[in-house]
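Examining the three-dimensional arrangement
Below are the chains, spelled out letter by letter.
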Amino acid sequence: MSPVTALIAEDETLLAQALQMELQRAWPELTLLALAQDGDEAVEQALALRPQLLFLDIRMPGRTGLEAAQAVVEDWPEDTPLPLIVFVTAYDQYALQAFEACAVDYLLKPVQPARLKACCERLQALLAQQHLPDDPHKANDGANEALLGQLRSLLATRALGSTEAATAPAEKLVVVQASVGNVVHMVPVDEVLYFEAADKYVRVITAEREYLIRTSLRELLPQLEAQQFWQIHRGTVVRARAVAQALRDDQGRVQLLLRDRPEKLPVSRLYAGRFKGM
Amino acid sequence: MSKPSHQPSIGWRLQLWRGFWPTQTLSAIVGLLFWAMGSPPVITMVYSLLIGNFCHLFITLGRYGLPMVLRRWWPSRFAHMDQGFPGMLPMLPVLALGVLLAYLAGTTIGDALMGLSSPMPWHGSNRGALTVLVISMLPAIAGTYYFASRTRLAALETQAAEAQLRLLESQLEPHMLFNTLANLRALIGVDPARAQVMLDHMIDYLRATLTASRQSHHPLSAEFSRLTDYLALMQIRMGERLQVQIDLPADLAALPVPALLLQPLVENAIKHGLEPLRRGGTLTVSARRDGQTLRLQVSDSGAGLDSSSAAPAPTGSGFGLTQVRERLRTLHGERASFSLAPAPQGGTLAEVRLPWPAAPAFPDPLPARP
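This is a predicted model, so every value here is computed, not measured. (Residues numbered from 1 in each chain as written. Chains lettered and ligands numbered in written order. Predicted model: local features only at pLDDT ≥ 70, side-chain atom pairs only at ≥ 80, totals over all residues. Heavy atoms only, no water.)

What to know about the nonpolar core
Membership of the largest hydrophobic core comes to 45 residues, with the highest contact counts inside it found for L56, V73, F87, F99, V238, L256 and V267 of chain A. It is helix α3 (residues 65–75) of chain A that contributes the most residues to this core, six residues altogether. One finds Y205, L242, V257 and V324 of chain B within the second-largest nonpolar core, a separate group that totals 42 residues. (Core = buried A, V, L, I, M, F, W, Y, C linked by side-chain atoms within 4.5 Å. Buried < 20%, exposed > 50% of the residue type's maximum accessible area, 1.4 Å probe, protein only. Helix = DSSP H or I, 4+ residues; strand = E, 2+ residues; numbered from the N terminus.)

Written out as structure tokens, the structure is:
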């Protein structure tokens, strides 16, 4: 069995080094592939180096640890088992509740050796399961499905890891105000078929045309009715009623056909489970 | 108060009990007044106490009952009506009805006790009854008003205590605390000398935060020292990403300023301005005299105001900034102000303008630490 590989994402240099040292002590055979200093770098490095373990700090510049995990899982190649993810946090009261509920392991800063040892043992046990000789595909599918479920419920805890405190639930949006030149278009949310993230903007697509608004999907999401608008990818939120069909290919990838638009929308593996027959 | 309370601050039973002795006093005074106007003393006192206590009972029940009934029947209009005191206008019919019922109940029992007959034992005319009713109204209104204000006051004190707690919580933000401890733990292994320096900054910061609630003002030099402690902690954490410039002219060092007023502004600048940027940036804290105004500025070269949020929910409405505004308003009213704006060179500029103090309250300045 080749040595186990890991990646650490932590923006505070001292803490990154400390975690590296403690890990070496607790798990000498572990090979550290990279130390990433922010969320975007973590995603980039993880996808390039494909480590088996990810230690992700929650509050980082750029993407938070949770958003980084989402991006890694969505873009992870099909032929490799998903990495095991451990979140590291100083204090996130909302995250802690979610972590308790999920089986995802997490570490609290300052990281204590005994706790880290237990975490490593758990990871070793999980990795051993991945390498069960009989029917490796099935074992992987089960483990992956568990990880996806955990990640979904973590991401559902809104404002998690973001710098803003999750205080009052946001008011629901009724009209999208999109400015084009000197004109502000008042687009009723009822007419929006889907929202798509585009760099620092969000594309708002109706049956007839599309608009750009200067906001992020992260800020927009809490203002949408969760029953009506389904997230299908980290960059896409679609109105459930606008979807005509969900097509699943041989590899399990899902695409959505819309009623009033020609384009197909890809569903990430994180959300594919939502499109199953009743 | 803008905050509607759905729960009565105290229950009606407690309210009845609290009002017991004041009711006896008020009733006795009314009895004495009637006595002075020529009524027989013992009888007057018995009726006055009876009517007074029934007034207290009925009006208290009305105060709690009316909002309950209204909220149940017209939830759309009266959902936010305060239980325990629905406001002076809705209270008028409650008062009138309460006094009338109290008069009827009081005289009936009084008649039975004294062996007399109503409407008024000492006059026997309807005008007398009317006089008693009107005169009973006045202490009833006064009493109701008094109890209602006391209830309000208690609620306000609770709110103030809660705000104090939130202030402390925001200053001892657990995320900052545990991250700092984690850094300290890491430093002890690799650089014990630096770990000690960090611990010293942390001790000063904690002490200042915990004593700030008891101390309303301190010299500007002390304010800057506390910020230096905090920034030193953050610099160990953020490393090269946080550059700090502190600019305090020597002649301003002794001026009194509200304790830890700038702390939330500095935290804000780091959290929203510099921390989200991978390259970090520079944070500048400065003090200037501008005529009769003391200008305190906290600026960062960071992410800027609109990049974090284009939506109308500004991060600037957070508790820290609200707290700065509230403190300024309480201390100086219109003479102090606070603004948050894009900095000319990019990033964000927060500025507090304080009225120039008449005389420095701290003639012997503490030397500002480097």
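And the narrative resumes.
Focus: the confidence of the model for chain B
Residues and elements named next belong to chain B. Chain-level pLDDT for chain B is 81 on average; 83% of the residues reach the 70-or-more range. Long-range and interchain partners of residues 307–317, a stretch whose pLDDT sits below 50, account for 13 contacts in this model, where long-range means more than four residues apart. Both confidence scores are given for the complex: pTM 0.70, ipTM 0.80. (pLDDT = per-residue confidence, 0-100. Contact = heavy atoms within 4.5 Å.)

With respect to the side chain of Q70 of chain A
As for its position among the elements, Q70 of chain A is in helix α3. Not counting the four nearest positions on each side in its chain, Q70 of chain A is found in contact with L151, L155, Q231, H233, R234, L270 and Y271 of chain A.

Overview of the sheet that holds strand β14 (residues 254–258) of chain A
All names here are of chain A. Spatially, the three strands line up as an open sheet ordered β13-β14-β15, and their pairing is antiparallel. Looking at the sheet topology across the chains shown, the edges are occupied by β13 (243–248) and β15 (264–267). Pairwise comparison of adjacent strand axes, ignoring direction, gives a mean angle of 25° for this sheet. As paired strands, β13 and β14 are joined by five bridges and run antiparallel to one another. Each bridged residue has a counterpart across the sheet, and for V243 the counterpart in β14 is L258. (Pairing = 2+ DSSP bridges. Axes fitted to C-alpha atoms, helices over the stretch in contact; angles between N-to-C directions.)

Some words on the sheet that holds strand β12 (residues 236–239) of chain A
Residues and elements named next belong to chain A. The strand order β10-β9-β8-β12-β11 describes an open sheet built from five strands, whose pairing is antiparallel. Where the open sheet ends on each side, the last strands, each with one partner, are β10 (210–213) and β11 (229–233). Strand-to-strand twist in this sheet, taken as the mean axis angle between neighbours without regard to direction, amounts to 20°. Note that strand β8 (residues 192–198) and strand β9 (residues 201–206) share six bridges and pair antiparallel. Counted as the bridge partner of V192 is T206 from β9.

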